[in-house]
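Now for the letters of each chain:
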Amino acid sequence: VQLQASGGGLVQAGGSLRLSCTASGSISSINVMGWYRQAPGKQRELVATMSSSRSTDYADSVKERFTISRDNAKNTVYLQMNSLKPEDTAVYYCNYRKTGLWGSNDYWGQGTQVTVSS
């Protein structure tokens, strides 16, 4: 599975950005796609995920501000980020989790930088 992410950039606090990530290759109909982020000196953390059945999971810090969505026909996941804060600054990684009877495999995109200035 290959992941191509786009949409990062520099924005002022209170602004918005939209990330997108498209999966290609050995795609499974049962999967979870989403976003994680890693700030300098910190561990990678979950931001939001959405399963192929559209169940979602959000970090508490982004609830009410970020919205994840996906287009299964395009194997693409989106992250709409509103009311951005400086603490949202991080490298955002797209994740594709393929699940099956064997367990699960994680695939990662190359990361896209999001910088929020105060």
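One structure accompanies this document, and this report is about it. The structure displayed is predicted, hence computed values, not measured ones.

Regarding the side chain of Arg65
Right, on to step 1. For Arg65, the location among the structural elements is in the loop between strand E6 (56–58) and strand E7 (66–71).
Right, on to step 2. A polar side-chain atom of Arg65 sits 2.8 Å from the main-chain carbonyl oxygen of Ser61.
Right, on to step 3. Those residues within four positions of Arg65 in sequence are excluded, and the remaining contacts are Gln80, Met81, Asn82, Ser83, Leu84, Lys85 and Asp88.

So, the pairing of strand E4 (residues 31–38)
Right, on to step 1. Most of E4 is tucked away: six of the eight residues are buried.
Right, on to step 2. For E4 and strand E9 (residues 90–100), the ladder comprises eight bridges, and the chain directions are antiparallel. Note on E9: the bridge partner recorded for Tyr36 is Tyr93.
Right, on to step 3. In the sheet, E4 pairs with strand E5 (residues 45–51) via six bridges, with the strands oriented antiparallel. Counted as the bridge partner of Tyr36 is Leu46 from E5.

Concerning unusual backbone geometry
Peptide bonds are, in most cases, trans, and in most cases residues other than glycine have a negative phi.
Right, on to step 1. One non-glycine residue, Asn75, adopts positive backbone phi at about 50 degrees.
Right, on to step 2. With respect to the helices, strands and loops of the structure, Asn75 is situated in the loop between E7 and strand E8 (76–81).
Right, on to step 3. With a phi angle near 50 degrees, Ser83 is a residue other than glycine that sits in the positive phi range.
Right, on to step 4. Positionally, Ser83 belongs in the loop between E8 and E9.
Right, on to step 5. Judged by its relative accessible area of 39%, Ser83 falls in the partly exposed class.

Quick notes on the rules
Residues numbered from 1 in each chain as written. Predicted model: local features only at pLDDT ≥ 70, side-chain atom pairs only at ≥ 80, totals over all residues. Heavy atoms only, no water. Helix = DSSP H or I, 4+ residues; strand = E, 2+ residues; numbered from the N terminus. Polar contact = N/O pair within 3.5 Å; in protein donor to acceptor, adjacent residues only side chain to side chain. Contact = heavy atoms within 4.5 Å. Buried < 20%, exposed > 50% of the residue type's maximum accessible area, 1.4 Å probe, protein only. Pairing = 2+ DSSP bridges.

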